[in-house]
Amino acid sequence: MSSKTKIIVLHMKEVIYTIIFLVLLIIFGVLMFFMFGSEKSAAVSNTSTSRYTPGIYRTSIQLNSNTFDVEVTVDQEHIRSIQLRNLSESTSAMFPLVEPVLNSLSSQIYTDQSLDNLEYPSDQKYTSVMLINAIRKAVEKAEVH
């Protein structure tokens, strides 16, 4: 039985280069893990900080014996539209300021995304306040608590 002895000669320079390469590879792996692993937690935190629950929210307004709805559509961060629903022609004829005032208020709300500090003419005060209160109630229904 003969055994052949093998002698391996390693140069210190090659060993050091190999160790440095392995350390850099491990650092790169950890860095990639944190870069792509944190994306999932960021997506979860974004959904928890949204202002509104997306959807369509309505509030009813009664003027004399006529009832109509103010409809507010929101996404997670913005008020997208404000419209009147179920407004009959007779109600529109009896209260002609409702639609123009809503259009004026809506444009301000879309721009500022806020119901605070809305401007309206003094001769349209009661109509404006009535519509602002209805919009506020609908937005409160949409807010994330």
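Everything that follows concerns the structure shown earlier in this document.
A short tour of the structure in this document, coming up. Note that the structure is a prediction, hence the values are computed from the model and not measured. (Residues numbered from 1 in each chain as written. Predicted model: local features only at pLDDT ≥ 70, side-chain atom pairs only at ≥ 80, totals over all residues. Heavy atoms only, no water.)

### Here's the deal with the overall build of the protein
Link 1 in the chain: Scanning the protein from N- to C-terminus turns up 4 helices and 3 strands.
Link 2 in the chain: Of the regular secondary structure in the protein, the N- to C-terminal order runs α-β-β-β-α-α-α.
Link 3 in the chain: What you see for the protein is a C-alpha radius of gyration of 33 Å, clearly larger than the 15 Å of a compact globule of 145 residues, by over 25%.
Link 4 in the chain: Seen through its principal axes, the protein has C-alpha atoms that stretch 115 × 35 × 25 Å.
Link 5 in the chain: Per-residue burial over the protein gives 26% buried out of 145 residues. (Helix = DSSP H or I, 4+ residues; strand = E, 2+ residues; numbered from the N terminus. Rg over C-alpha atoms; globule rule 2.2 N^0.38 Å. Buried < 20%, exposed > 50% of the residue type's maximum accessible area, 1.4 Å probe, protein only.)

### With respect to the environment of L31
Link 1 in the chain: Position of L31 among the secondary structure elements: in helix α1 (residues 12-48).
Link 2 in the chain: Looking at L31, the relative accessible area reads 48%, which means it is partly exposed.
Link 3 in the chain: Remark: the alpha-carbon pair of L31 and F95, spanning 64 residues in sequence, is separated by 65 Å.

### Some words on the pairing of strand β1 (residues 55-63)
Link 1 in the chain: Here β1 runs beside strand β2 (residues 66-74); their pairing, made up of 9 bridges, is antiparallel. Paired with R58 across the bridge in β2 is E71.
Link 2 in the chain: Taking the residues between adjacent antiparallel strands as the criterion, β1 and β2 are bridged by 2 residues, where N64 takes a positive phi near 55 degrees. (Pairing = 2+ DSSP bridges.)

### Focus: the sheet that holds β1
Link 1 in the chain: Overall, antiparallel pairing links the 3 strands, which are arranged β1-β2-β3 in an open sheet. Both edges of this open sheet fall to β1 and β3 (79-85), since each of them pairs with a single strand only. Neighbour-to-neighbour, the strand axes of this sheet turn through a mean angle of 20 degrees, independent of strand direction.
Link 2 in the chain: Here 6 bridges tie β2 to β3, and the two strands are oriented antiparallel to one another. By the bridge assignment for β3, V70 is matched with L84.
Link 3 in the chain: Packing against the sheet, helix α3 (residues 98-112) makes contact with β1, β2 and β3, and its axis sits at approximately 170 degrees to β3.
Link 4 in the chain: Contacts from helix α4 (residues 125-142) reach β1, β2 and β3 within the one sheet, and its direction differs from that of β1 by about 145 degrees. (Axes fitted to C-alpha atoms, helices over the stretch in contact; angles between N-to-C directions. Contact = heavy atoms within 4.5 Å.)

### Notes on the side chain of S81
Link 1 in the chain: Note that S81 resides in strand β3.
Link 2 in the chain: We classify S81 as buried; its relative accessible area is 18%.
Link 3 in the chain: The residues contacting S81, other than those within four sequence positions of it, are E71, V72, T73 and Y110.

### Details of α4
Link 1 in the chain: For α4, with 18 residues, the first-to-last C-alpha span of 26 Å sits near the 26 Å given by 1.5 Å per residue.
Link 2 in the chain: Looking at α4, one finds that the buried residues are T127, S128, L131, I132, A134, I135, A138, V139 and A142. Buried residues in α4, looked at end-on, bunch into an arc of 165 degrees, giving them a common side. α4 presents Y126 and K137 as exposed residues on the side facing more than 90 degrees away from its buried surface.
Link 3 in the chain: Those residues of α4 that are buried are in contact with β1, β2, β3 and α3. (Expected span 1.5 Å × (residues − 1). Arc of directions from axis to C-beta.)

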